[in-house]
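# Report on the structure
Single-letter residue listing:
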Amino acid sequence: MFTIYVYVLDTLADWEIGYVTSELNSHRFFKKDANRVLLKTVSYSKEPIKTMGGMTIVPDCVIDDIVMSETSVLLLPGADTWNNLEHKAIIEKASELLALNATVAAICGATVALANHGLLDNRPHTSNGAGFLEMFSSSYKGQSSYINELSVWDNNLITASSAGALLWAKQIIAHLDVFESNTLESWYAYFNTGDPKHFYALMESLPDNNDH
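Residues numbered from 1 in each chain as written. Predicted model: local features only at pLDDT ≥ 70, side-chain atom pairs only at ≥ 80, totals over all residues. Heavy atoms only, no water.

## Digging into the pattern of salt bridges
Pairs can form between side chains of opposite charge once their charged atoms are near each other. To be explicit about the condition: Definition used for salt bridges: Asp or Glu carboxyl oxygen within 4 Å of a side-chain nitrogen of Lys or Arg. The secondary structure listing takes helices from DSSP runs of H or I that are at least 4 residues long and strands from runs of E that are at least 2 residues long, numbered from the N terminus. The rule is simple: take the accessible area with a 1.4 Å probe, protein chains only, and divide by the maximum for that residue type; under 20% is buried, over 50% is exposed, in between is partly exposed.
Across all of its chains, the model carries 4 salt bridges by this definition. For arginine 28, the salt bridge goes to glutamate 23, with nearest N and O atoms at 2.7 Å. The closest approach of N and O atoms between arginine 123 and aspartate 154, which form a salt bridge, is 3.0 Å. Of this pair, arginine 123 sits in the loop between helix H3 (109-116) and helix H4 (130-136) while aspartate 154 sits in strand S8 (residues 151-154); the two residues are 31 residues apart in sequence, bridging distant segments of the chain. Of the residues examined, aspartate 154 reaches a relative accessible area of 14% and is grouped as buried.

## Some details on the side chain of serine 45
Quick note on the threshold: By the criterion applied in these results, polar contacts are pairs of N or O atoms within 3.5 Å in which, for protein atoms, one can donate a hydrogen and the other can accept it, and in which residues neighboring in sequence qualify only through two side-chain atoms. Note on contacts: a residue pair is in contact if any heavy atoms of the two residues lie within 4.5 Å.
Note on placement: serine 45 falls in the loop between strand S2 (37-43) and strand S3 (49-50). Here the side chain of serine 45 touches glutamate 47 through a polar contact of 3.1 Å, landing on its backbone nitrogen. Each residue touching serine 45, except ones within four places of it in the same chain, is listed here: Pro59 and Val62.

Now the structure itself:
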């Protein structure tokens, strides 16, 4: 079973995690015999946080509750508050998880937090631009490993720009191997283009539609 820990913090960018959390929590497009997935919100305290969209989230657990295992997955969304000192602990935990070969996925402002900790210095990654990381992280040294794509998947690290939420979600889902490949491609194509043919292909790819 995978446990997906979604780090929540004030000013969390709601849209950046919507695709991936809804699919991993609902299981609606999972393949037969997919690994079980449990989704939890985590923060530095149990106090409610307020997202950028004004939503209130009460964390399920705190950082010390994260199970240190290869089957733990840490999702780090963008926010305007990543420079606050209380978030240093989750980045240290992210470093430990990466060392265990557990998965860490960061988007937008969370990539700056990783850069500040040196975690992007020697790994292929992306963000809102190499200049963005240089602007907001004085210790960033990963310019030679920067890739100008919406989302970059490097083994157990997946990084994305603020405009890359859909591709980021696709890569996380692919990494967890919980969709059939044709289901994932149709899902991505539909939400990327809006073309109804991809929606029908998505529905046809699901296990219940292939049992007759």
